[in-house]
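What follows is the residue order along each chain.
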Amino acid sequence: IAEVESNSRDDFIDSLAAVNLRMSEQHGVVPFLRYYQRTGLDVQGSQGFILSPADSFATAFANLQLFAQGATIRSSQDQPALVVQLGVTTYLQAIRFDGTNTPGWLNNIQLASADESALLAVVEEFAQQLEGEGIAAPMINVFRVVAGEAGYTHLVSINTASSERLAMLLDAYGNLGQRMLAASPQSSHSILSNSLYFELLP
């Protein structure tokens, strides 16, 4: 996962789509990249993160090697004249994975936790409380930071199928998940950021 900023969202998305098409056609890697845009009023630029999912780190690095070989991208049409700033790449390993929606609307919570088991217990309690109120729990994925200068230890990603679904959860529970993570008596979980995103690619 890598944070990214671009001066032109449309050109940036077209470039990533071209990369994905080539990786799919030449190497059968689908999808190679997924892009999530931070919600906001600015529709000209792009601010969000790129995700390259894989079932293992071995697969992830193999895909990156294929990408870097040069056969994947040779045409200048894959690299339009636009300004792109990439942040530090962070490698995450899923420790709870309910799945993803495509496209997905996300509530991503970055936090520092010294007790991973307690964190997973809090997330499960949150999901059960939602279902207890008669509302199907969203897909909740929890990732451990394995490498990279992330500044956080875990990422909790609440993945929904629509903006309406995400807004309903936030309205109905006042972001109950965040409050439970912050106030859990089981362990100290320090929330460092809480952001909303929607998927633009694929």
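Everything below is about the structure shown above.
Residues numbered from 1 in each chain as written. Predicted model: local features only at pLDDT ≥ 70, side-chain atom pairs only at ≥ 80, totals over all residues. Heavy atoms only, no water.

1. Describing the overall build of the protein chain
Summing up its helical and strand segments, the protein chain has five helices and nine strands in all. Scored against the burial criterion, the 202 residues of the protein chain give a buried share of 41%. Counted over contacts in the protein chain with a minimum sequence separation of 6, partners at least 24 positions apart contribute 77%. Just so you have it, the protein chain exposes about 10300 Å², and 51% of that area is on carbon and sulfur atoms. (Helix = DSSP H or I, 4+ residues; strand = E, 2+ residues; numbered from the N terminus. Buried < 20%, exposed > 50% of the residue type's maximum accessible area, 1.4 Å probe, protein only. Contact = heavy atoms within 4.5 Å. Areas by Shrake-Rupley, 256 points an atom, 1.4 Å probe, with all protein chains shown as cover.)

2. Observations concerning the environment of Gln 47
For Gln 47, the location among the structural elements is in strand S3 (residues 46-51). A relative accessible area of 34% means that Gln 47 is categorised as partly exposed. For the pair Gln 47 and Val 4, spaced 43 residues apart in sequence, the C-alpha to C-alpha distance is 5.8 Å. When near neighbours in sequence (up to four residues on either side) are disregarded, Gln 47 contacts Val 4, Glu 5, Tyr 35, Tyr 36, Gln 37 and Arg 38.

3. Describing unusual backbone geometry
Residue Pro 31 follows Val 30 across a cis peptide bond; omega there is -15 degrees. Here Pro 31 lies in the loop between helix H1 (9-27) and strand S2 (34-38).

4. Some remarks on the pairing of S2
Extensive coverage of S2 is indicated by the burial of four of its five residues. One ladder, built from four bridges, connects S2 with strand S9 (residues 189-201); its direction is antiparallel. What sits directly across from Tyr 36, in S9, is Glu 199. (Pairing = 2+ DSSP bridges.)

5. Side note on the environment of Glu 149
Structurally, Glu 149 is set in the loop between strand S7 (139-147) and strand S8 (154-160). Sequence separation between Glu 149 and Thr 90 is 59 residues; the distance between their C-alpha atoms is 6.8 Å.

6. So, helix H3 (residues 116-132)
With 17 residues, H3 should cover 24 Å at 1.5 Å per step; its first-to-last C-alpha distance of 24 Å lies within 8% of that length. Within H3, burial applies to Ala 118, Leu 119, Val 122, Val 123, Phe 126, Ala 127 and Leu 130. (Expected span 1.5 Å × (residues − 1).)

7. Details of the environment of Leu 155
In this structure, Leu 155 sits in strand S8. C-alpha separation for the pair Leu 155 and Ser 193, spaced 38 residues apart in sequence, amounts to 9.7 Å. When sequence neighbours within four positions are dropped, the list of residues in contact with Leu 155 reads Leu 92, Asn 108, Ile 109, Gln 110, Asn 141, Val 142 and Phe 143.

8. A word on the pattern of salt bridges
Summed over the entire model, instances satisfying the criterion amount to four salt bridges. Taking the shortest distance from any N to any O, the salt bridge between Glu 199 and Arg 34 comes out at 2.8 Å. Residue Glu 199 is located in strand S9, and its partner Arg 34 is located in strand S2; the two are separated by 165 residues in the primary sequence. Grouping residues by exposure puts Glu 199 and Arg 34 together as buried. Note that Glu 124 and Arg 96 form a salt bridge whose closest N and O atoms lie 2.7 Å from each other. Of this pair, Glu 124 sits in helix H3 while Arg 96 sits in strand S5 (residues 91-96); the two residues are 28 residues apart in sequence, bridging distant segments of the chain. Overall, Arg 96 belongs to the buried group, its relative accessible area being 16%. One connected set of salt bridges, linked through shared partners, spans Arg 96, Asp 98 and Glu 124. (Salt bridge = Lys/Arg side-chain N within 4 Å of Asp/Glu carboxyl O.)

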